Structures are given as C-alpha cells and as structure tokens.
Amino acid sequence: MQNKGLIKLFAFLFGLVSIYQLSYTFITNKVEDDAKAYAISEIPDSEPDAISKQEALTASYLDSVGSNTIFGFTTYDNAKKKELNKGLDLKGGINVTLQISIKDILKGLANNTKNPVFNKALADADAESKNSDDTYLDLFFDAFDKIKGDTKLASPEIFANKGLSDAVNFQMSDDEVKPIIRTKIDESIVSAFEVLRERIDGFGVTQPNIQRIGTSGRILVELPGARDIARAQELLSSTAQLEFWETYEPNNTSFSTFLIQANEKLKTLIDTPVQEETKPESELDSLLSDVSSDSLEIANQVNPLYDLLLPPTPGRNAMFSAAAKDTAKVGEYLRMPEIQRLLPTDIQFTKFVWGRPETEDAEVIDLFALQSNRDGIPRMSGDVVSDARDTFDQFSKPAVTMNMNSKGAKEWQKLTSDANLHNTGIAVVLDNKVYTAPGCSVPGGISGGNTEITGSFSITQTKDIANVLRAGKLPASAEIIQSEIVGPSLGQEAIDSGLMSFLIAMAIVLVWMVFYYGKAGLFADIALLLNILLIFGVLTSLEAVLTLPGIAGIVLTIGMSVDANVLIFERIKEELAKGKGKGQAVADGFSNALSSILDANVTTGLTALILFLFGSGPIKGFATTLLIGILTSLFTAIFVTRLLVDWYLSGKGRTLDFSTAITKNLFKNMNIKFLAKRKIAYIVSLVLVGVGVFSLFTTGLQQGVDFIGGRSYQVRFEKQVNPSEIASELNDVFGNGTNVKRFGEANQIKITTPYKVDVEGIEVDNEITDKLYTSLQKYLPDGTSKADFVVGSGEDSIGILQSVKVGPTIADDIKKNAFLAILGSLAVVFLYILLRFRKWQFSLGAVAAVFHDVMIVLGIFSLFGTIMPFNMEIDQAFIAAILTVIGYSLNDTVVVFDRIREIIGEKGWGNGENVDLALNSTLSRTLNTSLTTLVVLLAIFIFGGESLRGFMFAMIVGIIVGTYSSLFIATPVMFDSLSKKIKTGGKEE
C-alpha cells in the first residue's frame, strides 16, 4: 500500500480532532453534574416543590461558573455551544412544525377587503387545501381565476391598494400581479421566521433549532431540554396582536337587560330542563332584580346563560365572570347570531373577550365587554410600541413597561383621557386575551407614550410578554400542525437504554471478530473502535443532532462495518489457500475485496441518502449517522486495518492466519446446488408473499398518527392497568376511534385518538389533556395533580411521558414522501446496478429480491400487528426500517453479484454451475455478516427501549429475509432471465 505515512498522519489527526470535538461534551457533562449535585445538597428532595427549586439553583450555579476557564482553553459557556447536540428523545423538550397562515397574509395584503370574489376564492382555497398537495397560494390563484369574471387582482379593492401602491397598480394584469404577491408572501414568511427566532433566543434554551421547510410556509422549531411545555407552545403560536380597547362602565344597565333577553332566547334555541329546587339568591340575582321584576322566577329555573355567569372580580373593570370550565360554552352562546342581535343599540358592537387566567389552575375567569365598532377595529394597535421590557412596579411586583412612538403617544393620551372622563378601563389585549384593564386617574390623559402593564404576573410571564412585544408580531397566525413533546424522564431512559444496547452490541461484535479471525480480528476491532470515535467526532463537528434512532444507526453501522473486514479477510484466506505468500495474499485480498466493498456501501449509502432527503426529525438523524458511519467505516476498514496488518506482518517471525482453530475449516469445500433448489424457493416465497398480500387486503396495516393524523400519548401508571377498560372509558369521552394498547410494560399504555384532529390551536390540546387527566385520575396515585400528569412537568415517570400530534395535511405529506422514498430508492438502485454490471438481468434480480423482502415484512406486520406485545404501527420509523432493509438486502445481493461477475469472467456461465460456485464462495461472508448484524439488532431490540422495538423488529425480519433472498431469489431470477445462449456460452468480458 502506497502513501502509508500520509494515511497514518491523516488517521492520527482525524482521531485527534474527534477527541478534541468530543472534549467539549465531556466538559459540559462534568460541570452540569457538579451543578446538580450542589443543588441536591442544598435543597433536599423532601422540601416542597424541590424539583423546580433544584432546577433554579442548578441554573444559577451554571450562570455563576459559565465564564470560568476550564483546562486553560475553554469555558462552560463556550463548551456548551460546541457539545454534541442531543435530540428530543434523549433530552426531552418540544418539536413543532408551525404553519404560517398564507390566508392571513393574503387578507393583510388586500387590506382585509370585503370584495366578494376575493373572499369566495379564499373560501374555495380553504376547501380545496384539505384534499390537495398544492400550496395554498396556488389554490387561491386557481380559485380566483375560475370565478373572477371582470374582477382583477390589481383592483383597488384587492391588491392595488394604498399599502401595495409601490408594487401594484390597477393597470397590471393578473399574471403580472401574481409574482409580486408570491414575493410579498415569501417576505412575510421570512419576517415570521425572524420573529420566531427572536422569541426563541429570549426563551432561554440551549441549542434551539429553527428552519424553514421549503416554500410551504412551514417552520420547524426544536427546543431540546425545554421543560415548561405550555409556555413554549404559547410563545411559538401567539401572533403578538397587541390591542388597546376602552371597556364599558361595569354598572351599565344595558348589559343587564341584554343578559335577561339572551337567557330567554337561549331557552328557545337549546334544551333546558326545569329545575325543581329553588336556587339561593346570588349577587347576580340582586343585580338583575333592579332590571326585571321576574328575576326571582327566572332564578328558580335552569337558565342556559344566567346559570353560567358569576359577578366580576372587583376592581378589574370586567363585566361578568365564569367558571373556567364554562368559558367555552358561554363564548359559544354569545357568538350566536340570534344572541348578537339582542344587544341594545348603545352596546350593539360590543366585543366580548376573556381575561387571562391569573394562575394556571384558576377556577374563575373574567369576561370583559370592550367598546368596538362596526369593523371591529381597536382604539390602538401594538404597532405603535417601539420598545418593551420586563420590570417591577411601585409595589415591587413584576410588570411590563412599553415605550410608544410619537403617533402612539398622541393616541394614548386621547384614550387615557376618555377613560378618565367616562370612568372606564383601558383593556390591554394580547392575542385576544385581556391581560389587564386599569382605569386612568390622570385628568387629560397620560402624555409621553410610556405605559406600564401591571397585573398578577410572574417574572417568567413578564419576560415572555416583553420578549413577544419586542420581537414583534407574526405577520399571520401560526398554527401547530405537528408536534412531539418528550418528558425529561423518558429522555433519560432513552439515553440509558441506548447506551446499554450500544455497549452490548459493541462487546458482542468485538468478541466475535477475535473468536472468528484471531489476531486479525483484533486489528479489525481496533479499526472499529476508531470508527466509532470518528462517527461521534464528525457528528459534533457538523453540529448534527444525536437521536435514539441515530444511536440505532451507529449500532447498525457497527454490524455493517464488520462486513468490509469480513470481505477482506475472506478474500485473504482464499489467496492463502492458493499458496500465495502472506504479503502477496494480503495485498491481493484487499485489492480483490475493494470492488465488492464499494458496491455494497454505495447501494446502502444511496438508500440512506434518500432517507435523509425524505425523512424528518429522528429519521433524518438515523440517516445522518448511517451515512457518516458508511464513510468512516470505509476509511477504517480499507486503510487502518491494512496498516495494522502490514505492521504486524513486517515483524520477524510473525504469522497471521485470519482464523482460529475452531473456525479454520468452517464453510470450506461447500457445494450447495442453489440453482437446483430455486423452484422450491420460488414456491415458498410465493406462498409467503401471497399470505402477506391477502392479509394486507383483508386486515390491512395499523397506521400511526404520522400517516392518518391525530394525537398519541404514551402514559405510564404506578400499577398495572387494563387497556381495554381504559379504551372503553376514553371512547365515551372522545367518541369512537380512540385506540388504547399496552406499550411495553404492563403499567404503560399508548393512547391514539382522532378527536378534533382537524381543529388547530393550543386550546384543543389543553382540552384533550384535561379530559385525559379527568378520565385517568382514578388510575393515578393519590394526590397526583394535573401539573404532575402533564408531559415534561417533572422528573417523575408517572403520567404522560410523550405526546405526538400530526395534523391531517402534514400526515398526507408524510405518507406521500414515504411512498416517494421507497420508489426513489428502488429506481436509483436499479439504475446503479444496471450501470455497474451492464446487464438488465442483474438489476431485475436485485429489484425482485427487494420487492420480495418488502412484501414479506409488510405481510408479517399485517398478520401479527395486533398480536405482538410491542408497537407495530406503520410510521416514519417503519419506513426508515424498510429503506434500511432495502439497502441491506442490496448490500448482500451486490456482493454475491460481484463474485458471480468475477467467476463467469474467468470461466463462463457453465449452465449455472459457476453461479453455484460463486454463491458457495461467498457463503462464509454472507452468513458471517448477517449473523453479526442480526445479533447487533437483537441487542437493540432487547435493550434499546420500547420506542425502537417495532423499528428493530422490521429490520430483524428484513435481515433474515434479505439474506435468504440474495441467495434464493435475486440470483435465480437473474439467471432465469438470461437467454439460453448466454447460459451455455463461454467466458464474458
């Protein structure tokens, strides 16, 4: 081997850089462990709210030592930026895909026009978007073109308005306006991206990730380690629509009149049973008795609206209040057109808005009546705010201070003057919630444009409010269409199980190589350990994210990287058997194995590349580590192992047999007639595939929420529970379609529900969480609060450990991408093999074997999906497994084909005899690699955690079937498709 010195230098430097990169991770882990130990020593677990106090003290400790020099070359703050990134499944946190509303942006660009053609086109695009893969903007343009008549996009009522006067004029055609609107929408999405980035920077998590997804208006946000999930969701989806409204005076009698009339009207609109017992008179009864002499009679009945309302909180300028559980019902009643028409003339444009709950578990929420107008436009909007910061008021309570521009200062003085004159409040409304509604005691109003928002805020809340106002408002609403939330306890369990499977798989492979190849196996082990170091070093250098599937990818790489060394050692043994000297046998063995190694790794690499392009989240992490592992294993197997072998043989009197006494004669002189048995193999395979296809058409597959949309929750209890019993109860709550099944241990279940899958918003997520908590409370330990039950709220491993939400639109996209990924991988590999082997028969054999393997795996998942004690849903992870099976099957097949090509090039086809000779000569490598990989996969299956079991089972089945198909399907199909003349012909070039 030439350039040994250069290779040694490169390997040394490569390893040194990897150690350097990983040193930051070791440093941060050490400092963080010290911080946690300090916090635990200062705050014992027996203290109330010990976990949150310990977390706060840990954060304080890390802040205090963040700039201290460590080992003379870095600090904790610097090392934290360069450590190995861990994904949500290893660290806990939140991963969301936000859909920026293109509809909102279009309405904003059109200045909220009332043009009927424009609004009809929006409505048509809404309807079409549920069943189409096209972008919303394209759907809008198509809908507009169909119904526009004489209306143009450049109409002054639509886009040729004052706001777009610099870009659009009324003389433009629709084709001229469309690219301008596309550009404006792209600018708005960029603006939303930057606003979200600013908010996330102020949130306080390390290593956040935010990126745009194509041109769809979707933005991916990952917040590893985020504990306050509700706060994170609110921060990401709030539009920061700040508005200032004037309230009505609380004693306005028009509202009392309206309440009586609305209550009576509702009795005719909904079913209201008569109440037998007399209700005691309340404060609200007294209020109404001033207006109607029939109030006592009304109080003795069941009243739809009246029974739900309570007196307002004193001093807040609210009109009414209601129990938190009743706010949705009250809001529904007040929005009814029949009820809206009952508002007296002096309050007919009233806007009813709920106040912000003072605490997370608040039982009563205030309802404010805001003075609005026909167009629903507030007195002032938040675009006049030039700066905002969290501060403390005169009583040392958390508050938010805002500065306004000159225009805002004038409007603010007028608004505060009116509030003082009319004895009303000024409602500060952020994203349709009243944060506070103070009055003004300054005659003539407040000048200067500076104001302070006070209320019952925590420091965290004022920080978030100031952060959102400072960053600016989103140009459109942002709905969470996909989310994954992982609790910290599940993340730690994933690390433990992943590490366990990694160490066990590593130990098995290292021992096996020494057992089978003796001293040569030891050299392969050294190269393998260097390979692992390089993988982690490259991951850190590229700032890639390590996920649980990523660990599985590394462990799989361990098994597959052995393949290169097995190929090399088997070829060296063949050269030694021909009587060649050690040095020449080693040189020829490495040279002859190179073609097979490259072909096998290229095919696997192509499937991993497709997986990387079409996958998302953890699956992309799996593909990343697999791609890196393929490259590093090629380097270590081909160059590092060769250096070690050459170094050892250069010593005097040293021998290297590449086998042990036990394995020396294994697979020697094999003479299995593979082609003669191909008809039996065809029948067996046809039966297996046929049974699988029958099951697919009759039973089908269990599709996960990735493909059908919905929400899933992984819930753990203290004791064993009955999934069927819980399923029956939850179907009563959520309706039919809710699925509950055991997930791992007997005290753990997975709940999947399509309930309100089409409805977006945090409110729906909270509603489902509330219903889950209420329904499952009797199975939880006594004293378990909702906060303890919700994912990510503490270190305890009871309650929701993980939740996943996938909207129907993105589910369709995931399904389409999965289909394209499988078809793409088959097409790419077909073309590669065709180019590499120059015969379409080889490509046909390879694709037939892959199709056979995929159909059998699908059939097994269909047949045993409801029987196996682990999750066998078809999701993105399963697609990753299928693509990996495709890659591995092709890996096997290509190695076999490579040997066939070599032997028939020397001896010809020989009517199939030389094909059998080639298959027998590769049998040692095929079984050795397959068994090694299989043992590695079994280690992950057993020790790698529940979330990986279905994924690993698909791969285990795929490896077994793939090994079989490379011998009994791929080669026979290739051979049978050859012409009789070629089969009986002589040597081939």
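Thresholds, definitions, all that
As a convention, each chain's residues are numbered from 1 in the sequence order in which they are written. The model is predicted, so local features are restricted to residues of pLDDT at least 70 and side-chain atom pairs to those at 80 or more, both for listing and for counting; the totals for chains, interfaces and linings are taken over all residues. As a convention, hydrogens and water are excluded, and side-chain values are obtained from all of the structure's heavy atoms. Helix numbering and strand numbering both begin at the N terminus, where a helix is a DSSP run of H or I of at least 4 residues and a strand a DSSP run of E of at least 2. Expected span, for any helix, means 1.5 Å times one less than how many residues it has. The angle separating two fitted axes, one through the seven residues that finish at a residue and one through the seven that start at it, defines the bend at that residue. Strands qualify as paired when DSSP identifies two bridges or more between them. Contacts were defined at the residue level, with two residues in contact if any of their heavy atoms lie within 4.5 Å. The convention used is that axes are lines fitted to C-alpha atoms, helices contributing only their stretch in contact, and that angles between N-to-C directions extend from 0 to 180 degrees. Exposure is judged per residue with a 1.4 Å probe applied to protein chains only, and the accessible area is read against the type maximum: over 50% gives exposed, under 20% gives buried, and values in between give partly exposed. The score called pLDDT rates the predictor's confidence residue by residue, from a low of 0 to a high of 100. Here a pair means two rings of Phe, Tyr or Trp (six-membered ring of Trp) with centres within 6.5 Å. Their orientation is stacked below 30 degrees between planes, edge-to-face above 60, and tilted elsewhere. A ring has a charge above it when a Lys NZ or an Arg CZ is no more than 6 Å from the ring centre and no more than 35 degrees off the ring normal.

So, about helix α32 (residues 949-976). With 28 residues, α32 should reach 40 Å at 1.5 Å per residue; the first-to-last C-alpha distance of 38 Å fits that figure. At S965, α32 shows its maximal bend, which comes to roughly 50 degrees.

Turning to the sheet that holds strand β9 (residues 320-323), a few remarks are in order. Sheet architecture is open: four strands sit in the order β8-β9-β11-β10, paired in antiparallel fashion. Each edge of the open sheet carries a strand with a single partner, namely β8 (309-310) and β10 (351-354). Inspection of the sheet shows β8 paired to β9 by two bridges, in the antiparallel sense. The partner of L310 across the bridge, within β9, is S321. Lying over the sheet, helix α13 (residues 327-335) contacts β8, β9, β10 and β11 (364-370), oriented at roughly 170 degrees with respect to β10.

What follows is about helix α29 (residues 876-907). Between its first and last C-alpha, α29 extends 46 Å over 32 residues, near the 46 Å set by a 1.5 Å rise per residue. Burial analysis of α29 places 26 of its 32 residues in the buried class, the great majority of the element.

Let's shift gears to the confidence of the model for the protein chain. Chain-level pLDDT for the protein chain is 80 on average; 88% of the residues reach the 70-or-more range. Scored below 50 in pLDDT, residues 275-284 makes 17 contacts in the model with residues more than four places away or belonging to other chains. Throughout residues 286-300 the model reports pLDDT below 50, and contacts reaching past four residues in sequence, or to other chains, amount to 23 contacts.

Right, let's talk about the environment of A727 for a bit. Within the element layout of this structure, A727 appears in helix α24 (residues 723-734). Put simply, A727 and V740 are 13 residues apart on the chain and 5.2 Å apart in space, counted from C-alpha to C-alpha.

Below, the discussion takes up the packing of aromatic side chains. Evaluated as defined, the whole model comprises 29 aromatic pairs. Both rings, one in F118 and one in F140, keep their centres 5.5 Å apart while their planes meet at 70 degrees; by these two values the pair is edge-to-face. Of the two residues, F118 sits in helix α6 (residues 116-129) while F140 sits in helix α7 (residues 136-147), which places them 22 residues apart along the sequence. Residue F118 is classed as buried on the basis of its relative accessible area, which comes to 1%. On the accessibility criterion, F140 (0% relative accessible area) is buried. Considering the side-chain rings of F140 and F144, the 6.1 Å spacing of their centres and the 40 degrees angle between planes classify their relative orientation as tilted. With F140 and F144 both in helix α7 and four residues apart, the pair spans about one turn of that helix. F144 carries the same exposure label as F140, and that label is buried. Taking the ring centre of F590 as reference, the NZ or CZ of R642 above it sits at 5.0 Å.

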